[in-house]
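# Report on the structure
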Amino acid sequence: MENLPELTVGRLFTSWQADVPALLVVVLLGGLYGWSVLRLRRRGESWPVARTVAFAVFGLGTIVVATMSALAVYDRVLFWPAAVQNVLLDLIAPLGLALGDPLRLALRALPERAAARAQGAMTGRVLRLLTFPLVSTALVLTTELTIYFTPYFETALANNWLHQLMYLQLLLAGSLFVLPVLTREEALPTWCTHPVRAALVFVDGIIDAVPGIVVMTHGTLIAGSWYLAHAPSWAPDVQHDQQLGGGAMVGIAELVAIPFLLAILVQWARTERAETVALDRRLDTELERVAPTEAVADGPELVRPWWETENSEVAQRFRGQR
């Protein structure tokens, strides 16, 4: 490891190594997703190309970059590639996978009985607890702090299988927060409306920056004995290397919060538009059923505005505005 050539901009893009366990995960997830899309198409149903691209490029592609690119080649001699690696698996890969909406795709592609069992598993008590927004946020923060401020990280650098387990833990912890917020509304509490989810994403962006800030300002070296023993001659000072890693963690955490928040806002706007259209259609249908004489006789009761008779979020907000 100490004999690795100096990490230059060119080598950052051209240095790669195979990671068999990570590759198997990518192939398995990609294969299941592709099979589900093909199954829908054979039934004459469509699936958005944009979701497939998001899943493959931003989801699976991020996993490949984190585990097989120069970040993985140099993560045992420099701290900052390891820090970037971890934040990619914890924040960006889960967001890319969630944008592909794999859970909804699976429910549509599976046979009816299997889909019903899968739906039951997704809304089970254990999973609902783990995906509860406060719990999942705490899990992400606890995972990152545990990795960097216990012997976990240094031990994982020396043990490849523990390193692989750390990768998986980061990916799962991030997915427990992102997937329900973006794709599985029924797994969330009823009070977790789109405005609340937008607020949670904003707060989560702030919380995700905490580990990076702590790493950047921490006086004690993280996995210091390992990096002091394995740092090549061309490497920067280990303390400076740690500061670079912490800064990269903060920057990526804040950047990823922007598309995450935008995705929630777009989803919110689409939901409200769909609800408004559905309410207007329902009102038109009800008015068409009423004969003109009945409408005159019963007057206000039959032709009350839709916002006075509906209990939806849109109607409640409209009454409040009036």
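Residues numbered from 1 in each chain as written. Predicted model: local features only at pLDDT ≥ 70, side-chain atom pairs only at ≥ 80, totals over all residues. Heavy atoms only, no water.

## Here we look at the environment of A22
To be explicit about the condition: To qualify as a helix, a DSSP run of H or I must reach at least 4 residues; to qualify as a strand, a run of E must reach at least 2; elements of each kind are numbered from the N terminus. Using a 1.4 Å probe on the protein chains alone, a residue whose accessible area is under 20% of its type maximum counts as buried, one over 50% counts as exposed, and one in between counts as partly exposed. Two residues qualify as a contact provided that any one of their heavy atoms is within 4.5 Å of a heavy atom in the partner residue.
For A22, the position within the fold is in helix α2 (residues 20-42). By relative accessible area, which is 7% here, A22 ends up buried. Linking A22 and V64, residues 42 residues apart in sequence, is a C-alpha distance of 7.4 Å. Look past the residues within four positions of A22 in its chain and what remains in contact with it is T67, M68 and Q164.

## Some thoughts on the side chain of T143
Note that T143 resides in helix α9 (residues 133-149). With a relative accessible area of 8%, T143 lands in the buried category. Here T143 is in contact with Q169, L170 and A173, once residues within four sequence places are set aside.

## Comments concerning the packing of aromatic side chains
Spelled out, the test is: Here a pair means two rings of Phe, Tyr or Trp (six-membered ring of Trp) with centres within 6.5 Å. Their orientation is stacked below 30 degrees between planes, edge-to-face above 60, and tilted elsewhere.
With the rule as written, the count across this model stands at seven aromatic pairs. Seen from their ring centres, F79 and Y227 are 6.1 Å apart, and the 85° between their planes marks the pair as edge-to-face. In this pair, F79 is assigned in helix α5 (residues 79-99) and Y227 in helix α13 (residues 224-230), connecting sequence segments 148 residues apart. Given the relative accessible area of 1%, Y227 is considered buried.

## Details of unusual backbone geometry
For D101, which is not a glycine, the phi torsion comes out positive at approximately 50°. One non-glycine residue with positive phi stands out, namely A223, at about 55°. For A223, a relative accessible area of 8% corresponds to the buried category.

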